[in-house]
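# Observations on the three-dimensional arrangement
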Amino acid sequence: MSTIVVPALRAVLAVAFAGSLAVLGVMVPLLAADLDDLSPEAEHLRVPVLGIVVLGILTVQVVLVCVWRLLSMVRAGTVFSHASFRYVDIVLGAVTAAALLVFALGVVLAPGEAVAPGVVLLVGGAGLLVVLAALVVLVLRMLLAQAVARDAQAKDLEAELEQVV
């Protein structure tokens, strides 16, 4: 990987993590204040919506940290090892949890007249997109498994060749 890509990606990850902290520290309290003004029939949405937003941001932070670790493994040349599966599995779990949170948000918003049906449909579509991201991570995990197996096979063949020579 080129020498500029790793620092550039790390800078983007750091900015994204700082942004997520800012959202947790500033935007979530502002959202909570806005939700205080809900009509009485929509008042039951306050706690679930805030909980889903906070947990969603935490899933993003988990993914950012795991990508940072994987990037460190890329730079060290150890990404094609069994240790990388731990981080990929955590990313897969976090993205799956995020999809469930998006669907939960749709379920919370669906009943009653507080939210338009089109908004609930958009939330469901967003949930499907997050499921798609989880499936992409799963495919990449399978590719990583193949790469690790081939790397181990190549090392075995190199060892055999050294013994022959």
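Analysis parameters
- Residues numbered from 1 in each chain as written.
- Predicted model: local features only at pLDDT ≥ 70, side-chain atom pairs only at ≥ 80, totals over all residues.
- Heavy atoms only, no water.
- Salt bridge = Lys/Arg side-chain N within 4 Å of Asp/Glu carboxyl O.
- Helix = DSSP H or I, 4+ residues; strand = E, 2+ residues; numbered from the N terminus.
- Buried < 20%, exposed > 50% of the residue type's maximum accessible area, 1.4 Å probe, protein only.
- Domains from an automatic or database assignment.
- Buried area = accessible area lost by both parts, 1.4 Å probe.
- Polar contact = N/O pair within 3.5 Å; in protein donor to acceptor, adjacent residues only side chain to side chain.
- Nonpolar A, V, L, I, M, F, W, Y, C, P; charged D, E, K, R; others polar.

The chain is annotated in an unreviewed UniProt entry as DUF2975 domain-containing protein of Sanguibacter inulinus.

Applying the stated criterion across every chain, the model contains two salt bridges. With a closest N to O distance of 2.5 Å, D89 and R141 form a salt bridge. Of this pair, D89 sits in helix 3 (residues 83–109) while R141 sits in helix 4 (residues 117–164); the two residues are 52 residues apart in sequence, bridging distant segments of the chain. Relative accessible area serves as the criterion here: at 35%, D89 is assigned to the partly exposed category. One salt bridge connects D151 with K155, and the closest N-O pair in it is separated by 3.5 Å. Of this pair, D151 and K155 are both found in helix 4, four residues apart, which corresponds to roughly one turn of the helix.

Moving on: the domain arrangement of the chain. The domain architecture assigned to the chain consists of domain 1 (1–115) and domain 2 (117–164). Here the C-alpha centroids of domain 1 and domain 2 sit 20 Å apart. Summed over both sides, the interface between domain 1 and domain 2 buries roughly 1,600 Å², with carbon and sulfur atoms accounting for 85% of that surface. The interface formed by domain 1 and domain 2 includes one salt bridge. Linking domain 1 with domain 2 are one residue pair in polar contact (both at pLDDT 80 or more). Among the residues making up the side of domain 1 that touches domain 2, the classes are represented as 15 nonpolar, five polar and one charged.

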